[in-house]
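Structural features, examined
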Amino acid sequence: MYLYGGNDAFNMLVPVSGTARTAYAAARGALALPAGDLLALHPLAAPSDGSQYGFNPAMPQLAALFNQSGSSPLAIVANVGPLLHPITKAEYEAGTVPVPAQLFSHSDQTVTWQRTHANAIDRRGWGGRLADMFHETNPNQQLSMNISVDGENVFQAGDEVVPYFVGQGGATGIQFVQDWLPSRRDAFLALRDASYPNALQREYARVMRRSMDNEVMINAALESEPPLATTFPDTHLGRQLRMVARLIHVRGALEMQRQIFFVALGGFDTHDNQLEDQATQLAELDGALAAFHSAMVEIGTADAVTAFTASEFGRTTSINGDGTDHGSGSHHLILGGAVNGRHIYGTMPDLTVEGPDDAGWGQIIPKIAVDQYAATLARWYGVAPGDMATVFPNIGRFGPSDLGFLS
């Protein structure tokens, strides 16, 4: 679940008390959320800094899932970001340890987050690499195991697997063919199914045929689907996640055993009007993600489905009046029945202005590499520890490759 624009996680997960609260309030000034408005979280173990934290008040359903007694399905991973090596503030300022290219750039860091490592030069994603490894486990080899409800992305691009795009209402047909009269459409289909000597012609015909066949197959499965009892919010993200839930619901009819889905929500580039705009976006995230988990519980797949957030970077702790600028490290959410929930994993950053984690202008240095975050998900997905470096070539540079947030 990609949050385009750079989600300000420091106003999503906020210190309520202690020295962390003092540093946050001093850095954030007028953008500091009042402690009394925060939705208190009750982790099973204290965060690394010993402070108490709360969610943004726009996230009541996710707060309830985090605090759920017994087995909570929601965890938080603190201060994650693209890294080439572990790095300290002194090393960053001295330039003695390399960092990913074009830090603080939306387009570059979006690609960096989704690739298999931060210094890759191709556009192959780690979701695509997982699909390359596991797609043959699906009986249905016609349909890609990687499905996007938000169009093109680097994350799902593999060497062998090409993602398949669907709309919020189902598989989308080729409009110009659908609009043609039957005689014209029949002529097109005859051309599509003809034999061609040229490799490019054959590939074009193959892709066209597969696309049209997939549309029929997916929509037929969806039409036969017993309706979900779970009600999803009628929002951009709610409609996307409802489609993902429906596709998981008909996985038997589609003969799919493993799948990777991509959904996204934009609007997180909050240079101004942040308090109002981010609250709107987080409320949409809260409602859609909670509904998705309810649907997974409803159809009995909660233990086999994990949802996680990604965003190109966090925001600065410093403010520019009523917004924040491009930062680096950020917090992320993991939700599912296999999640070891009610924990905040990793090291909470020191938000002190010009403090040990502040690279300048309030840009917080990540302590956990995207590689570690992704490798934890990949291990749960089935990648053996000995094969982890084939997916994430830089993983050996960092600490544990399994952060422990999945069982």
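Coordinates for the structure precede this section.
Residues numbered from 1 in each chain as written. Predicted model: local features only at pLDDT ≥ 70, side-chain atom pairs only at ≥ 80, totals over all residues. Heavy atoms only, no water.

**A word on the environment of L289**
If you trace the backbone, L289 turns up in helix α11 (residues 274–298). Through-space distance from the C-alpha of L289 to that of G323 is 25 Å; in sequence the pair is 34 residues apart. The contact partners of L289, leaving out residues within four places of it in the chain, are M1, L62, L241, A307 and L335. (Helix = DSSP H or I, 4+ residues; strand = E, 2+ residues; numbered from the N terminus. Contact = heavy atoms within 4.5 Å.)

**So, a negative patch on the surface**
Together, D272, E276, D277 and D322 make up a region of like negative charge exposed at the surface. Note that E276 resides in helix α11. Given the relative accessible area of 54%, E276 is considered exposed. (Patch = residues over 30% accessible without salt bridge, like charges linked within 9 Å, V, L, I, M, F, W, Y side chains within 5 Å. Areas by Shrake-Rupley, 256 points an atom, 1.4 Å probe, with all protein chains shown as cover. Salt bridge = Lys/Arg side-chain N within 4 Å of Asp/Glu carboxyl O. Lys, Arg positive; Asp, Glu negative; His and termini not counted. Charge placed at Lys NZ, Arg CZ, Asp CG, Glu CD. Buried < 20%, exposed > 50% of the residue type's maximum accessible area, 1.4 Å probe, protein only.)

**Considerations on empty space enclosed by the protein**
Applying the stated criterion across every chain, the model contains 5 cavities of 30 Å³ or more. Taken as a whole, the largest cavity encloses approximately 100 Å³ of empty space. Lining the largest cavity are 14 residues, and of these Y92, L103, S328, I365 and P366 lie nearest its centre. Of the residues that constitute the lining of the largest cavity, the class distribution is 12 nonpolar, 2 polar and no charged. (1 Å grid on protein atoms, 1.4 Å probe; cavity = no way out; pocket = protein on both sides within 12 Å on 5 of 7 lines; lining within 4 Å. Points joined across faces, edges and corners; volume = space filled by probe spheres on them. Nonpolar A, V, L, I, M, F, W, Y, C, P; charged D, E, K, R; others polar.)

**Section: the packing of aromatic side chains**
Scanning the entire structure with this criterion turns up 12 aromatic pairs. Taking the centre distance of 4.8 Å and the plane angle of 80 degrees together, the rings of W126 and F155 count as edge-to-face. One end of the pair, W126, is in helix α5 (residues 126–134); the other, F155, is in the loop between β6 (146–148) and β7 (164–165), with 29 residues separating them in the sequence. Assigned by exposure class, W126 and F155 land together as buried. Relative to F405, the ring of Y345 has its centre 6.2 Å away and its plane inclined at 65 degrees; by these criteria the two rings are edge-to-face. You can see Y345 sitting in strand β12 (residues 344–345) and its partner F405 sitting in the segment after α13 (388–391), a full 60 residues away along the chain. Accessibility assignment for this pair places Y345 and F405 in one class, buried. Pairwise contacts between aromatic rings join W113, W126, F155, F308, Y345, Y373, F392 and F405 into one cluster. Directly above the aromatic system of F134 lies the positively charged group of R258, at a separation of 4.3 Å from the ring centroid. Of note, R258 hangs over the ring of Y381, and the distance from its end group to the ring centre comes to 5.1 Å. (Phe/Tyr/Trp six-rings, centres within 6.5 Å; stacked < 30°, edge-to-face > 60°. Lys NZ or Arg CZ within 6 Å of the ring centre and 35° of its normal.)

**Notes on the sheet that holds β7**
As summarised here, the arrangement of the 3 strands in space is β7-β6-β8, forming an open sheet in which the pairing is parallel. Here the strands that pair on one side only, and so sit at the sheet edges, are β7 and β8 (260–262). Relative to β7, β6 runs parallel, the two sharing 2 bridges. Paired with I147 across the strands is Y164, a residue of β7. (Pairing = 2+ DSSP bridges.)

**Considerations on the pairing of strand β5 (residues 74–81)**
Within β5, 8 of the 8 residues are buried, which leaves the element mostly enclosed by the surrounding structure. Alignment of β5 against strand β11 (residues 330–336), held across 5 bridges, turns out to be antiparallel. When the bridges of β11 are listed, I76 appears paired with L333. In terms of strand pairing, β5 meets strand β13 (residues 368–369) through 2 bridges, oriented parallel.

**A few points about the environment of T137**
You can see T137 is positioned in the loop between α5 and β6. Taking the relative accessible area as the measure of exposure, T137 reaches 35% and is therefore partly exposed. Taking the C-alpha atoms as reference points, T137 and A32, separated by 105 residues in sequence, lie 49 Å from one another. Within the structure, T137 has its side chain in polar contact with the backbone oxygen of F134 (distance 2.6 Å). (Polar contact = N/O pair within 3.5 Å; in protein donor to acceptor, adjacent residues only side chain to side chain.)

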